[in-house]
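Structural description and commentary
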Amino acid sequence: MDQFVNPESGTVPFYLPQGDECDVFAAAHRSCLPLLLKGPTGCGKTRFVAHMAAKLGRPLYTVACHDDLSAADLIGRYLLKGGETVWVDGPLTRAVREGAICYLDEVVEARKDVAVVLHPLTDDRRILPIDRTGEELQAGPGFMLVASYNPGYQNILKTLKPSTRQRFLSVEFGFPKPEHEVPVVIAESGLAEDRVRLLVRIAGKLRGLKGQDLEEGVSTRLVVYCATLIAQGMSFDRAVQVAMIEPLTDDAEVKRGLADLVTAVA
Ligand code: ADP
């Protein structure tokens, strides 16, 4: 589990808005409403939450959800410490106590009992019952629950139930338009603009193959990785191979097709 309080403490992490998502987040926080971010991996959701938490001056607890993550991992548990049994808050409980933002990344991955915990927190009760200690915490105005999920995986077993999903305001994220992606990649990698424009053009072509040969299009994260490698001296072709082709597929023929497409664009 990955949890942290504002990673770049004191500074606001760079985030270039794609639309009005910052206003929606701020309004949701003001109104004590939970927010769901929908979109593919690597398109800026985590960075957006870190940016907004810092802008709103709230601590941030991020939890990367996985299929073994249970309600107890979020709420807390009794642990043996120096021969004594002590209660240790989980990240969700800490966020409620501190009036922080709690970000559950890829929430559909978590075990089913997590939804049970989230329900009383995401309606107007805003309470977190802790059965093990007998406490019932009332979330204050600073607390906000943010969750993300990737509808693109098309895994019918792992989709959000309407009863959970309809408790959240939702914002859809997509891969940024070139005019947004170019400045993001330049800011993150320091690579020269003409090279970045070419990489973003290649990324656009590769994304066009989603659904035919590829399950997911190349993420902005991978474009940033690729640009960073080139800025550090790796050859253009090798960087594209390791950052924008190999991560997308294991199929040799598809890889060759992607490489040909890159050559045609470059
Ligand atoms: P997600 O949470 O959607 O999987 P991230 O937030 O981790 O994706 O984004 C991956 C990387 O892409 C970030 O570390 C950042 O470098 C870059 N990025 C994507 N979109 C933006 C944006 N709008 N502003 C700034 N950086 C961005």
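Counting from 1, residues in each chain are numbered in the order their sequence is written. The predicted origin of the model limits local features to residues at a pLDDT of at least 70 and limits the giving and counting of side-chain atom pairs to 80 or more, whereas totals for whole chains, interfaces and linings rest on all residues. Side-chain numbers come from the whole structure's heavy atoms, not from hydrogens or water.

As named in an unreviewed UniProt entry, the chain is Nitric oxide reductase NorQ protein, taken from Aquamicrobium terrae. Quoted verbatim from the Sequence similarities (unreviewed entry) heading of the UniProt record, the comment on the chain is "Belongs to the CbbQ/NirQ/NorQ/GpvN family." UniProt positions are given in the numbering used here, feature names are shortened, and annotations may be inferred rather than shown by experiment.

This paragraph deals with the overall build of the chain. From N to C terminus, the chain includes 11 helices and 9 strands. Taken along the three principal axes of its C-alpha coordinates, the chain extends 65 × 40 × 35 Å. The buried label goes to any residue with under 20% of its type's maximum accessible area, the exposed label to any with over 50%, and the partly exposed label to all in between, with areas taken from a 1.4 Å probe on protein chains only. Here the chain holds 266 residues, and 47% of them are scored as buried. Restricting the contact set of the chain to residue pairs at least 6 apart, pairs at least 24 apart contribute 72%. About 13,300 Å² of surface is accessible on the chain, with carbon and sulfur atoms providing 50% of the total. The charged-residue count follows a simple rule in which Lys and Arg add positive charge and Asp and Glu add negative charge, with His and chain termini not counted at all. Charged groups are reduced to one reference atom each: NZ for lysine, CZ for arginine, CG for aspartic acid, CD for glutamic acid. Of the side-chain charges in the chain, 30 are positive and 35 negative, and the distance between the mean point of each set is 2 Å. Strands are runs of DSSP state E lasting at least two residues, helices are runs of H or I lasting at least four, and both sets are numbered from the N terminus onward. Whether two residues are in contact is decided by their heavy atoms: any pair within 4.5 Å suffices. The Shrake-Rupley method, run with a 1.4 Å probe sphere, supplies the accessible areas, and residue values consider only the shown protein chains as cover.

With that settled, the discussion passes to the sheet that holds strand 2 (residues 60-64). Strand pairing is assigned whenever DSSP identifies at least 2 bridges connecting the two strands. One open sheet holds the 5 strands; their spatial order is 2-5-8-1-9, and the pairing between them is parallel. Edge positions in the sheet fall to strand 2 and strand 9 (169-172), since each of these pairs with one other strand and no more. Between one strand axis and the next, the sheet turns through 20° on average, direction left out of account. As defined by bridge partners, strand 5 (residues 101-105) adjoins strand 8 (residues 144-149) across 4 bridges and the pair is classed as parallel. The axes used here are C-alpha line fits, helices contributing only the stretch in contact, and every angle between their N-to-C directions lies in the interval 0 to 180 degrees.

A few words now on unusual backbone geometry. Excluding glycine, residues mostly have negative phi values, and the peptide bonds linking residues are mostly trans. Residue Cys32 is not a glycine yet carries a positive backbone phi of 60°. For Cys32, a relative accessible area of 25% corresponds to the partly exposed category. With phi around 55°, Glu106 is a residue other than glycine that occupies positive phi space. For Glu106, the location among the structural elements is in the loop between strand 5 and helix 5 (113-121).

It is worth spelling out the layout of surface pockets at this point. Over the atoms rolls a probe the size of a water molecule, and in doing so it shows where empty space is left. Here a cavity denotes a set of grid points, spaced 1 Å apart and computed over the protein atoms alone, in which a 1.4 Å probe fits but from which it cannot get out, and a pocket denotes an open set meeting protein on both sides within 12 Å along at least five of seven lines; residues with an atom within 4 Å of a point are reported as lining. Grid points are joined across faces, edges and corners, and a volume is the space filled by probe spheres set on the points. What the largest pocket holds in volume is close to 550 Å³. Taken together, 26 residues form the lining of the largest pocket, with Gly42, Cys43, Gly44, Lys45 and Arg47 sitting closest to its centre. Looking at the lining of the largest pocket residue by residue, the classes come out as 13 nonpolar, 7 polar and 6 charged. When residues are sorted by character, Ala, Val, Leu, Ile, Met, Phe, Trp, Tyr, Cys and Pro go into the nonpolar class, Asp, Glu, Lys and Arg into the charged class, and all the rest, Gly among them, into the polar class.

The rule for a salt bridge is simple: a side-chain nitrogen of Lys or Arg has to be within 4 Å of a carboxyl oxygen of Asp or Glu. All chains considered together, the criterion is met by 10 salt bridges. For Asp123, the salt bridge goes to Arg125, with nearest N and O atoms at 2.8 Å. Using a relative accessible area of 42% as the deciding quantity, one classes Arg125 as partly exposed. Measuring nitrogen to oxygen at the nearest pair gives 3.1 Å for the salt bridge that ties Lys255 to Glu246. What makes Glu246 partly exposed here is its relative accessible area of 34%. Among the ionic contacts, a cluster of salt bridges with common partners joins Asp89, Arg97 and Glu135.

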